[in-house]
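If you want the building blocks of each chain, they are given just below.
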Amino acid sequence: MNYTYSISSLSQAADAVLATLTSKTLLFYGEMGSGKTTLIKELVKKLGYNALVSSPTFSLVNEYQGQEDKIFHFDFYRIEKEEEALDMGVEEYLDSDHWNFIEWPEKIINLVPATKNEIFIKINNDGTRTLNVHANG
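Conventions we followed
- Residues numbered from 1 in each chain as written.
- Predicted model: local features only at pLDDT ≥ 70, side-chain atom pairs only at ≥ 80, totals over all residues.
- Heavy atoms only, no water.
- Salt bridge = Lys/Arg side-chain N within 4 Å of Asp/Glu carboxyl O.
- Helix = DSSP H or I, 4+ residues; strand = E, 2+ residues; numbered from the N terminus.
- Buried < 20%, exposed > 50% of the residue type's maximum accessible area, 1.4 Å probe, protein only.
- Polar contact = N/O pair within 3.5 Å; in protein donor to acceptor, adjacent residues only side chain to side chain.
- Contact = heavy atoms within 4.5 Å.
- Pairing = 2+ DSSP bridges.
- Axes fitted to C-alpha atoms, helices over the stretch in contact; angles between N-to-C directions.
- Parallel < 35°, antiparallel > 145°, perpendicular 65-115°, else oblique.
- Nonpolar A, V, L, I, M, F, W, Y, C, P; charged D, E, K, R; others polar.
- Core = buried A, V, L, I, M, F, W, Y, C linked by side-chain atoms within 4.5 Å.

Colleague: Please clarify how the pattern of salt bridges should be interpreted in this entry.
Modeller: Side chains that differ in charge, positive against negative, can pair when their charged atoms come close. Evaluated as defined, the whole model comprises 3 salt bridges. A salt bridge links Asp15 to Lys46, with the nearest nitrogen and oxygen atoms 3.0 Å apart. With Asp15 in helix α1 (residues 10-20) and Lys46 in helix α2 (residues 36-46), this pair connects stretches of sequence that are 31 residues apart. When its relative accessible area of 39% is taken as the criterion, Asp15 is described as partly exposed. Here Lys46 falls in the partly exposed class, since its relative accessible area comes to 32%.

Colleague: How should the side chain of Ser34 be read in this particular structure?
Modeller: Topologically, Ser34 is positioned in the loop between β2 (25-29) and α2. For Ser34, a relative accessible area of 0% corresponds to the buried category. In terms of polar contacts, Ser34 uses its side chain to reach the backbone carbonyl oxygen of Glu31, at 2.8 Å. Residues in contact with Ser34, not counting those within four places in the same chain, are Ile121, Ile123 and Arg129.

Colleague: How should I be thinking about the pairing of strand β6 (residues 116-123) in this particular structure?
Modeller: Each regular strand shows side chains that alternate between the opposite faces of the sheet. Where β2 and β6 come together, 4 bridges link them in parallel fashion. Opposite Phe28, over in β6, you have Ile119 as the bridge partner. Pairing between β6 and strand β7 (residues 129-136): 8 bridges, direction antiparallel. Each residue of the ladder has a partner; that of Lys122, found in β7, is Thr130.

Colleague: Please clarify how the packing of α1 against α2 should be interpreted in this entry.
Modeller: Helix packing for two helices is described by the angle between their axes and how far apart those axes are. Where α1 meets α2, the closest approach of the two axes is 9 Å, and the angle between their N-to-C directions is 70°. One way to sum up the angle between α1 and α2 is to call them roughly perpendicular. Contacts between α1 and α2 pair Leu10, Ser11, Ala14, Asp15, Val17 and Leu18 from the former with Thr38, Leu39, Glu42, Leu43 and Lys46 from the latter. Tallied by class, residues from the contact of α1 with α2 come to 6 nonpolar, 2 polar and 3 charged.

Colleague: I'm lost on α2 in this one. Help?
Modeller: Three or more residues of α2 are buried, namely Lys36, Thr37, Leu39, Ile40, Glu42, Leu43 and Val44. A positive phi of about 105° marks Gly48, the residue just after α2.

Colleague: When you look at the nonpolar core in this model, what are you seeing that I'm missing?
Modeller: As a rule of thumb, soluble globular proteins bury nonpolar side chains together. In terms of nonpolar packing, the biggest core is built from 22 residues, with Leu26, Leu39, Phe101 and Ile119 touching the most fellow members. Ignoring anything within four residues of it in the chain, the contact list for Leu26 reads Val17, Leu21, Leu43, Trp99, Asn100, Phe101, Ile102, Asn117 and Ile119. Formed by 16 residues, the second largest nonpolar core is a distinct cluster that contains Tyr29, Phe74, Phe76 and Val112.

Colleague: Mind showing me how you'd approach the sheet that holds strand β3 (residues 61-65) here?
Modeller: Sheet strands pair by backbone hydrogen bonding; their relative direction is either parallel or antiparallel. Taken in spatial order, the 7 strands make up an open sheet running β1-β7-β6-β2-β5-β4-β3, and their pairing is mixed. Only two strands of the sheet have a single neighbouring strand rather than two, namely β1 (2-5) and β3. Taking the axes of each pair of neighbouring strands and ignoring which way they run, one obtains an average angle of 20° across the sheet. With respect to the sheet, α1 is in contact with β1, β2, β5 (99-103), β6 and β7, its orientation differing from that of β1 by roughly 165°.

Given below as structure tokens:
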């Protein structure tokens, strides 16, 4: 699925993403500042969590309780080796059957499950974003 949106249509973009998912594991790809965390905040809101959502850059993972399920939000930008993710128990999170939103998944690519959705965010020249959502597994 391809979807182009602006910040004013972020809610509709999140709806479009949720409608196409085949897994609760979402891998978010995009350059720094592309809007990964912004999109995740909207997805978390759509799943029923209405308090503050922030990037877990330093803690590696934040946990939110959605309306029907837990949501784990990972940011692996700062890790240098997959062992760091293993040390914090990433496998237990990924095997939990809860929502897993992962920023910078390329840092732990050998650890992500085969069944996942990959979301690529590209910044367009006019400031809009284009999402490409791919289902695997």
